[in-house]
Amino acid sequence: MLIFPLTTLTLRTAGGPAALPKGHPMAALATQIAFTVPSGMLVTVALGLTEPNLFFPASMIIVGAHYLPFVFLYGMRLFAVLAGLLILVGTVLLLWLPVGAPLGGWFAGALLVGFAYLPRASSERRGHP
């Protein structure tokens, strides 16, 4: 849930743009997307209270679904890969391997850290600073 504020802080500290340009038509969509994870986490917490092994898989599905609009918003198909992996692995853990579900937290964390570097590399490869 802290990815957005921490990323914004890091971007501002690094001197780069931390938001869409003023007047960008998708700024409202970006704001709305930011509220999907905290709202969805209320559901995962309630689920986790009754079935603790389902907390991480449900979280992975919610976070993955939250990344789907990023494909359109930022024009980067890389977000579809991230979303797909989170949703797929979360679904597998939720439906078929709930005993191994705590590993989902570690998988999701490692995946998000790994993907933190890919959009920049992808952008630089396309000739954008």
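The structure reproduced in this document is the subject of the present report.

Basis of the calculations
- Residues numbered from 1 in each chain as written.
- Predicted model: local features only at pLDDT ≥ 70, side-chain atom pairs only at ≥ 80, totals over all residues.
- Heavy atoms only, no water.
- Helix = DSSP H or I, 4+ residues; strand = E, 2+ residues; numbered from the N terminus.
- Buried < 20%, exposed > 50% of the residue type's maximum accessible area, 1.4 Å probe, protein only.
- Contact = heavy atoms within 4.5 Å.
- Areas by Shrake-Rupley, 256 points an atom, 1.4 Å probe, with all protein chains shown as cover.
- Axes fitted to C-alpha atoms, helices over the stretch in contact; angles between N-to-C directions.
- Parallel < 35°, antiparallel > 145°, perpendicular 65-115°, else oblique.
- Left-handed = near helix turned anticlockwise from the far one by under 90°.
- Nonpolar A, V, L, I, M, F, W, Y, C, P; charged D, E, K, R; others polar.

Here we take up the overall build of the protein. The secondary structure content of the protein amounts to 6 helices and 0 strands. Of the regular secondary structure in the protein, the N- to C-terminal order runs α-α-α-α-α-α. In the protein, which comprises 129 residues, the share counted as buried stands at 26%. Contacts spanning at least 24 positions in sequence make up 62% of the contacts within the protein whose residues lie at least 6 apart. When the accessible surface of the protein is summed, it comes to about 8,600 Å², and 74% of that surface belongs to carbon and sulfur atoms.

Two numbers describe how helix α2 (residues 27–34) lies on helix α4 (residues 55–74): the axes approach to 10 Å, and their chain directions differ by 165°. One way to sum up the angle between α2 and α4 is to call them roughly antiparallel. Two packed elements cross with a definite hand, and for α2 against α4 that hand is left-handed. On α4, the residues touching L29, A30 and I33 of α2 are H66, P69, F70, F72 and L73. In terms of residue class, the contact of α2 with α4 is built from 7 nonpolar, 1 polar and no charged.

All right, on to the environment of L97 then. Secondary-structure assignment places L97 in the loop between α5 (78–95) and α6 (102–125). When the C-alpha positions of L97 and N53 are compared, they lie 9.4 Å apart, and in sequence the two are 44 residues distant.

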